[in-house]
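Tertiary structure, described
So you can see what is in the structure, the chains are spelled out below.
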Amino acid sequence: MNKKTLLAAVAACFCTLSAQADEGRSVFFALTGGLTYGGDEIATITYTDGSSTELRAGNLFNIGAGALWAPTNMPIAVQATLNYHSDYASAKNGDATFSRVPFELMGYYTGVDKWRFGAGLRFVNSISAELKRDGAATETVDYKNAVGYVIEAGYRITKQGWVNARIGIEEYEPESLKVGGWRYDISNQEKVNASYGGVNVVFGF
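Quick caveat, the model's predicted, so the values are computed rather than measured.

Structural notes on the overall build of the protein chain
Assigned secondary structure in the protein chain consists of 1 helix and 17 strands. The 205 residues of the protein chain split such that 36% are buried. Long-range pairs, those at least 24 residues apart, make up 60% of the contacts in the protein chain between residues at least 6 apart in sequence. When the accessible area of the protein chain is evaluated, it comes to approximately 11500 Å², of which 62% is carbon and sulfur surface.

Considering the pairing of strand β14 (residues 174-179)
Across 5 bridges, strand β10 (residues 138-143) lies against β14 in antiparallel orientation. Residue pairing in the sheet places Thr140 in a bridge with Lys178 of β14. Relative to strand β15 (residues 182-185), β14 runs antiparallel, the two being bridged by 4 bridges. Note on β15: the bridge partner recorded for Val179 is Trp182. In this antiparallel pair of consecutive strands, β14 and β15, the connection spans 2 residues, and Gly180 shows a positive phi of 60 degrees.

Focus on the pattern of salt bridges
Side chains carrying opposite charge are able to pair once their charged atoms draw close together. One pass over the full model with this rule turns up 11 salt bridges. Between Arg166 and Glu104 there is a salt bridge, with its nearest N and O atoms 2.7 Å apart. Note that Arg166 is positioned in strand β12 (residues 161-169) and Glu104 in strand β7 (residues 102-109), a separation of 62 residues in sequence. Between Arg116 and Glu152 there is a salt bridge, and its shortest N-O distance comes to 3.8 Å. Residue Arg116 is found in strand β8 (residues 115-124), and its partner Glu152 is found in strand β11 (residues 146-158); the two are separated by 36 residues along the sequence. The class for Glu152 is buried, based on a relative accessible area of 6%.

Things to note about the environment of Leu68
Mapping Leu68 onto the fold places it in strand β4 (residues 60-69). Its relative accessible area of 2% is what places Leu68 among the buried residues. Those residues in contact with Leu68, other than ones at most four positions away along the chain, are Ser26, Val27, Phe28, Ala30, Ala77, Val78, Gln79, Arg116 and Gln160.

Quick word on the layout of surface pockets
Remark: the empty space left among the atoms is shown by a probe the size of a water molecule rolled over them. Taken as a whole, the largest pocket holds about 310 Å³ of empty space. Around the largest pocket, the lining is made up of 21 residues, and of these Ala70, Pro71, Thr110, Arg156 and Gln160 lie nearest the centre. Breaking the lining of the largest pocket down by element, the ones donating at least two residues are α1 (3-24), β5 (76-91) and β8. Per-class residue counts for the lining of the largest pocket are 10 nonpolar, 3 polar and 8 charged. In this structure, the second largest pocket occupies an estimated 160 Å³ of space. As for the second largest pocket, its lining consists of Ile42, Leu131, Arg133, Val141, Tyr143, Pro174, Leu177, Ile186, Gln189, Glu190 and Val192. Elements represented by at least two residues in the lining of the second largest pocket include exactly β9 (130-134), β10 and β14. Tallied by class, residues from the lining of the second largest pocket come to 8 nonpolar, 1 polar and 2 charged.

Procedures and definitions
- Residues numbered from 1 in each chain as written.
- Predicted model: local features only at pLDDT ≥ 70, side-chain atom pairs only at ≥ 80, totals over all residues.
- Heavy atoms only, no water.
- Helix = DSSP H or I, 4+ residues; strand = E, 2+ residues; numbered from the N terminus.
- Buried < 20%, exposed > 50% of the residue type's maximum accessible area, 1.4 Å probe, protein only.
- Contact = heavy atoms within 4.5 Å.
- Areas by Shrake-Rupley, 256 points an atom, 1.4 Å probe, with all protein chains shown as cover.
- Pairing = 2+ DSSP bridges.
- Salt bridge = Lys/Arg side-chain N within 4 Å of Asp/Glu carboxyl O.
- 1 Å grid on protein atoms, 1.4 Å probe; cavity = no way out; pocket = protein on both sides within 12 Å on 5 of 7 lines; lining within 4 Å.
- Points joined across faces, edges and corners; volume = space filled by probe spheres on them.
- Nonpolar A, V, L, I, M, F, W, Y, C, P; charged D, E, K, R; others polar.

See the structure below:
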């Protein structure tokens, strides 16, 4: 056996072992991103031409990263991600942002070919949930800790890649309003409905 043949055999053996190891993996690094829509209208930005755009509590972009546990010998999976969920509107006379940083924990049933069905919880710390409006003055509304609920159905597009349709049920209770250097207690105001429908993708690496 010459050197080229030996090297080819070693390379083939290595590729086979790597593929087998990948087949046996159950824990993956997960990236997710998607779009959502829904919830209460919580701010309106008016443009100089008279048109306007609204900021909704259930909108718009959600991105996240975390871990996916998907054992090969059981029809279940668990996914944990830290996310950034935000809606933003801007004009010459000001802008507004509603954002939060939810920790999401999902459980899935994967026993149907190419599909997974799941439900889980989203935990939002009061430090991360806020509505900020910049204009003649900067106003920031902070919200209390919140727990939301998620149901999801996903279709597999790669070995550990999914396109998911989801419904989220969330609401946020105002805690304080900050204007300039002053802070006011507004905890007696009504809760904000931030429920939404959306589509996202998840890839495990």
